[in-house]
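Below are the chains, spelled out letter by letter.
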Amino acid sequence: MSHETFYLTTPIYYVNATPHLGHAYTTIMADTMARFQQFRLGPERVYFLTGTDEHGDKIAQAAAQTGESPQAYADRISGIFQETWRRLGLAPNQFIRTTSEPHKRAVQRLLQQIYDAGDIYFGEYGGQYCFGCERFYTEKELQDGRCPDHQTTPTFIKEQNYFFRMGKYQDWLIDHIRHHPDFIRPERFRNEVLSFLKDPLEDLCISRPRTRLEWGIPLPFDVQYVTYVWFDALVNYISALDWPDGEAFQRFWPSAQHLIAKDILKPHAIYWPIILKAAGLPLYRHLNVHGYWKIEEAKMSKSRGSVVRPLDLADKYGVEAFRYFVLREMTFGLDASFSEEALVARLNADLANDLGNLYSRVLKLIQRYYDGRISESPGERGLVDAVRAAVTDVTAATERFAFSEALAAIWNLVSATNKYLVTNEPWKQDPGDARTKVVLFSAAETLRAIAILLWPFLPQTAERMLQGLGAPEPLTSIHFDELLSSSWHLGSRQGRVQEVEPLFPRIQATAAKPSPVKTGSTAVPETVADQITIEEFRRVDLRVAEVIEATAIPGSKKLVKLRVRLQDEERTVVAGLKEHYPPESWAGKRIILVANLRPTKLMGIASQGMVLAAEDESGRIVLLTPEQPISSGSKVR
Ligand code: MSP
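Fair warning: this is a prediction, and the values are worked out from it, not measured in the lab.

Participant: Sorry, what's going on with the site of the ligand here?
Facilitator: Residues in contact with the ligand amount to 23 residues; listed here are only the nearest, Ile12, Thr26, Asp53, Asp263 and Trp293. Here an oxygen atom of the ligand and a backbone polar atom of tyrosine 14 are 3.0 Å apart. A distance of 2.8 Å separates an oxygen atom of the ligand from a polar side-chain atom of aspartate 263. With four residues, the top contributor of residues to the shell around the ligand is strand β1 (residues 6-14). The class makeup of the residues in the shell around the ligand is 13 nonpolar, eight polar and two charged.

Participant: Teacher, can you tell me more about the environment of threonine 392 here?
Facilitator: Positionally, threonine 392 belongs in helix α14 (residues 381-399). A polar atom in the side chain of threonine 392 sits 2.9 Å from the backbone oxygen of arginine 388.

Participant: Help me understand the pattern of salt bridges, please; the structure alone is not making it clear to me.
Facilitator: Side chains bearing opposite charge may pair, as long as their charged atoms lie close to each other. Summed over the entire model, instances satisfying the criterion amount to 31 salt bridges. Linking lysine 168 and aspartate 119 is a salt bridge whose minimum nitrogen-to-oxygen distance equals 2.6 Å. Here lysine 168, found in the loop between β6 (155-164) and α5 (170-179), pairs with aspartate 119, found in the loop between α4 (101-116) and β4 (120-130); they are 49 residues apart in sequence, far enough to count as distant. The exposed category is assigned to lysine 168, whose relative accessible area is 52%.

Participant: Quick question: what am I supposed to make of the packing of aromatic side chains here?
Facilitator: How two aromatic rings sit relative to each other is set out by the distance from centre to centre and by the angle between their planes. Applying the stated criterion across every chain, the model contains 32 aromatic pairs. Ring centres of tryptophan 253 and tryptophan 272 lie 6.3 Å apart, and the angle between their planes is 80 degrees; this geometry places the pair in the edge-to-face category. Note that tryptophan 253 is positioned in the loop between α9 (247-252) and β12 (256-261) and tryptophan 272 in helix α10 (residues 265-278), a separation of 19 residues in sequence. For tryptophan 253, a relative accessible area of 2% gives the class buried. By relative accessible area, which is 0% here, tryptophan 272 ends up buried. An aromatic cluster is present here, built from Tyr7, Tyr47, Tyr237, Phe249, Phe252, Trp253 and Trp272 joined pairwise through their rings. The lysine or arginine in question, arginine 208, covers the ring of tyrosine 228, its NZ or CZ lying 4.0 Å from the ring centre.

Cut-offs applied
- In every chain, residue numbers begin from 1 and rise along the written sequence.
- With the structure being a predicted model, the display of local features is reserved for residues of pLDDT at least 70 and the display and counting of side-chain atom pairs for 80 or more, all residues being used for whole-chain, interface and lining totals.
- Water and hydrogen atoms play no part in the side-chain values, which are based on all heavy atoms of the structure.
- What makes a residue near a molecule or strand is one non-hydrogen atom of that residue sitting within 4 Å of it.
- Identification of polar contacts relies on pairs of N or O atoms within 3.5 Å, with a donor-acceptor requirement for protein atoms, meaning one able to donate a hydrogen and the other able to accept it, and with residues adjacent in sequence counted only if both atoms are side-chain atoms.
- The helix count covers DSSP runs of H or I at least four residues long, the strand count covers runs of E at least two residues long, and both are numbered beginning at the N terminus.
- All residues other than Ala, Val, Leu, Ile, Met, Phe, Trp, Tyr, Cys, Pro, Asp, Glu, Lys and Arg, Gly among them, are scored as polar; the first ten of these are nonpolar and the last four charged.
- Salt bridge criterion: a side-chain nitrogen from Lys or Arg within 4 Å of a carboxyl oxygen from Asp or Glu.
- Buried means the residue's accessible area, taken with a 1.4 Å probe over protein chains only, is under 20% of the maximum for its type, while exposed means over 50%, and partly exposed covers the values in between.
- Note on aromatic contacts: the rings of Phe and Tyr and the six-membered ring of Trp form a pair at centre separations within 6.5 Å, being stacked when their planes are under 30 degrees apart, edge-to-face when over 60 apart, and tilted otherwise.
- Only lysine NZ and arginine CZ atoms are considered, and such an atom sits over a ring when it is within 6 Å of the ring centre and within 35 degrees of the ring normal.

This is the structure in structure tokens:
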């Protein structure tokens, strides 16, 4: 008997933000893979880990902004992540939190072990530090002297810290990656890492003085310091298995695979293998790296107000339609673009039309012709072969995280079955004919195979389909070999087709209409206003402005006073956005201003313009900002 296991992790997500499309996507992928492996190996051999990363500057700052203690803040946001995964039907075996005691102990133990082995030393370092990124930048990495991510000027910091001797392991790591071609996959990320490793690898600063950062795990060999982000976060992958002594560690670590997006490639492909090596631990097997979700070609970002919330979409279109869309749309390793219109198009075409109609059609005929019972007949050769081919293709693609390909292979089978029905037209035939029975039996049995193949991707839909087909087997017990041999046995189980509900309702295209635009103070009515001419539009002078500073207005819950720059001119603008954008979040932002609005006094302050923002149905408001940095004063046309 094989003792093969499967251990898969997602990144642990920072609690300085609430879950968005990107976090949901990785976790949905991991859930899909875990379910697929449960098929292969049985549920007890599979372990799926996710969780939250709760220490560091960013989190301490986010907590300070809400007036909570860091721990209370982390508890609250971590709870939101857990609740979101539950509502999306994601079922990790464990949700780890880096503020838990066992994790902290494991981090300290690992640090001590590496310190004792001589790979951590005390030294001094000075450099340009971005507080938003919690890292030092080299001059080369900065863009016009600013952080490429936050567009803020970094601060020069010089301090003594602890360093991890990474450089020492550079050749060993290159060698390991060369000898294990699928250590990092897909290949483009392996190449990226190898090319990065052509330059000398610097040692890694792994601490922060406690005087500057309290919210972290103290170094066991110097309590004046706390660990810096990565030495804390990465260790979750083994602390979750009760390293060093845990049985789970023995059982699952040998089969470890990580799933991440490309943003955290370097820590996972370089720091983590070297940490493991320095501690004398075996390496993980594969690092699987997916691309980034973009919104209209731009990075999803809170400051740009383009954050997609998974629960909003799940509430609007259903959990499984959302899940299907993201799994089908993104090619593994490449970036993808998210749009609600594309989601609706796929939902209507693939789910409601191709799959939903096939399912309803077959089940309704069986009900009408045979009172829901279907007696065993020989399976149609062509469909039996099509199922075999699909099983092979789906398995091969799924194993390497190519979920889009796997779903395309399932939909090939759906199309083949639809074509088969159109060719044979059972609805025009005599139910008593042996041939009619062959056709409907074969179509029903193919639907059963489709449901089983679909289970890792769309578990609820698969279960509903099997229920409808009168074959409600506890899916995880279906042995993978049975699926591979695609034995046809529906008839022999005497299943009875159930009442048929449509699998997916069609969505009217209008449901995906974009949110109405709202201004900083008053909302434009939701109905489309009377049409205007281009000349009328041109009378509105829209400009890009840079916020210099923002201050609260005493006595006002909603208003915030902004100093903004338009080229060489400075202005004061009052915006009713304080509840959505607190004063401390404004400085450095570029906004869109209605620059020729007649000045008005708000709370005694003269406001010279109006800030543009968008509001959705739930009342969430986001600022409109330029998609790329552009000089202040630029005209919006
Ligand atoms: N806490 C660290 C990870 C530590 S792992 C030991 C971190 N957290 S994060 O909250 O920023 O999450 C990053 C991860 O979220 C990405 O690697 C990816 O899994 C997911 N995504 C966040 N935004 C994303 C997109 N726009 N698109 C796809 N996935 C992205 O980094």
